[in-house]
Amino acid sequence: MSVTDDLMEIEQLLARYAVAMTRGDVDRVLAVFAPDGGYSAFGDTYPLDEFPALVSAAPKGLFLVGTPVIELDGDAATGTQPLCFVEHSTHELRIGYYNDTYVRTPDGWRLRTRAMTFIRRSGAHDSGRPHAFERTRS
């Protein structure tokens, strides 16, 4: 595979994530992650088995993403992708960016980690306030 092919595959992977999140299709969201993948926001990291409940508790709306900056390193990569989220009922905006790691799997490129950073009106960058999702800890 060429560098261009790798970049296009990762960009399509991220496009599938944004469309699936917009449509509320958790199964398709999970499909873009490696089996050992995780999502970080709100001061915590969530393994994939908690992702359906996390998505269920999240506001619904449109996930508008920009072209990612991707650094390839063999079968691994890192990247940053801008995000503008538009909440469906109020059209309020949330802006920020994802910091990602990617891994090439037998099924193609997948997200290993995705970490959300919000950009506040003050200009501060942070991982967000605690989420409506409440974890069950044992």
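Residues numbered from 1 in each chain as written. Predicted model: local features only at pLDDT ≥ 70, side-chain atom pairs only at ≥ 80, totals over all residues. Heavy atoms only, no water.

*Asks:* How would you sum up the overall build of the protein chain? Please name residues and give values.
*Replies:* Across its full length, the protein chain carries 3 helices and 8 strands. For 138 residues, the compact-globule formula gives about 14 Å, and the C-alpha radius of gyration of the protein chain, at 15 Å, lands near that figure. Each principal axis of the C-alpha atoms in the protein chain carries an extent, and together these give about 45 × 35 × 25 Å. Every one of the 138 residues in the protein chain was classed for burial, and the buried ones make up 38%. Across the protein chain, contacts joining residues at least 24 apart in sequence account for 50% of those joining residues at least 6 apart. Summing over all exposed atoms, the protein chain offers an accessible surface of approximately 8000 Å²; the carbon and sulfur share of this is 53%. Computing the positive centroid from 14 side-chain charges and the negative centroid from 19, the protein chain places the two 6 Å apart. (Helix = DSSP H or I, 4+ residues; strand = E, 2+ residues; numbered from the N terminus. Rg over C-alpha atoms; globule rule 2.2 N^0.38 Å. Buried < 20%, exposed > 50% of the residue type's maximum accessible area, 1.4 Å probe, protein only. Contact = heavy atoms within 4.5 Å. Areas by Shrake-Rupley, 256 points an atom, 1.4 Å probe, with all protein chains shown as cover. Lys, Arg positive; Asp, Glu negative; His and termini not counted. Charge placed at Lys NZ, Arg CZ, Asp CG, Glu CD.)

*Asks:* Outline the confidence of the model for the protein chain, listing residues and values.
*Replies:* The predicted model of the protein chain has a mean per-residue pLDDT of 91, with 93% of residues at 70 or higher. Model confidence for the protein chain, summarised as mean pLDDT per element, is weakest for strand E8 (residues 125–126) at 84 and strongest for strand E4 (residues 69–73) at 98. (pLDDT = per-residue confidence, 0-100.)

*Asks:* Residue-level account of the nonpolar core, with values.
*Replies:* Core analysis: the biggest nonpolar cluster contains 30 residues, and Tyr17, Tyr39, Phe51, Tyr102 and Leu111 have the highest contact counts within it. The leading source of residues in this core is helix H1 (residues 3–23), at 7 residues. (Core = buried A, V, L, I, M, F, W, Y, C linked by side-chain atoms within 4.5 Å.)

*Asks:* Quick one: what's the story with the pairing of strand E7 (residues 108–119), residue by residue and with numbers?
*Replies:* Where strand E1 (residues 33–41) lies against E7, 4 bridges are found, and the strand directions are parallel. The partner of Phe33 across the bridge, within E7, is Leu111. Sheet analysis places strand E6 (residues 93–105) next to E7, joined by 10 bridges and oriented antiparallel. Directly across from Gly96, in E7, lies its bridge partner Phe118. (Pairing = 2+ DSSP bridges.)

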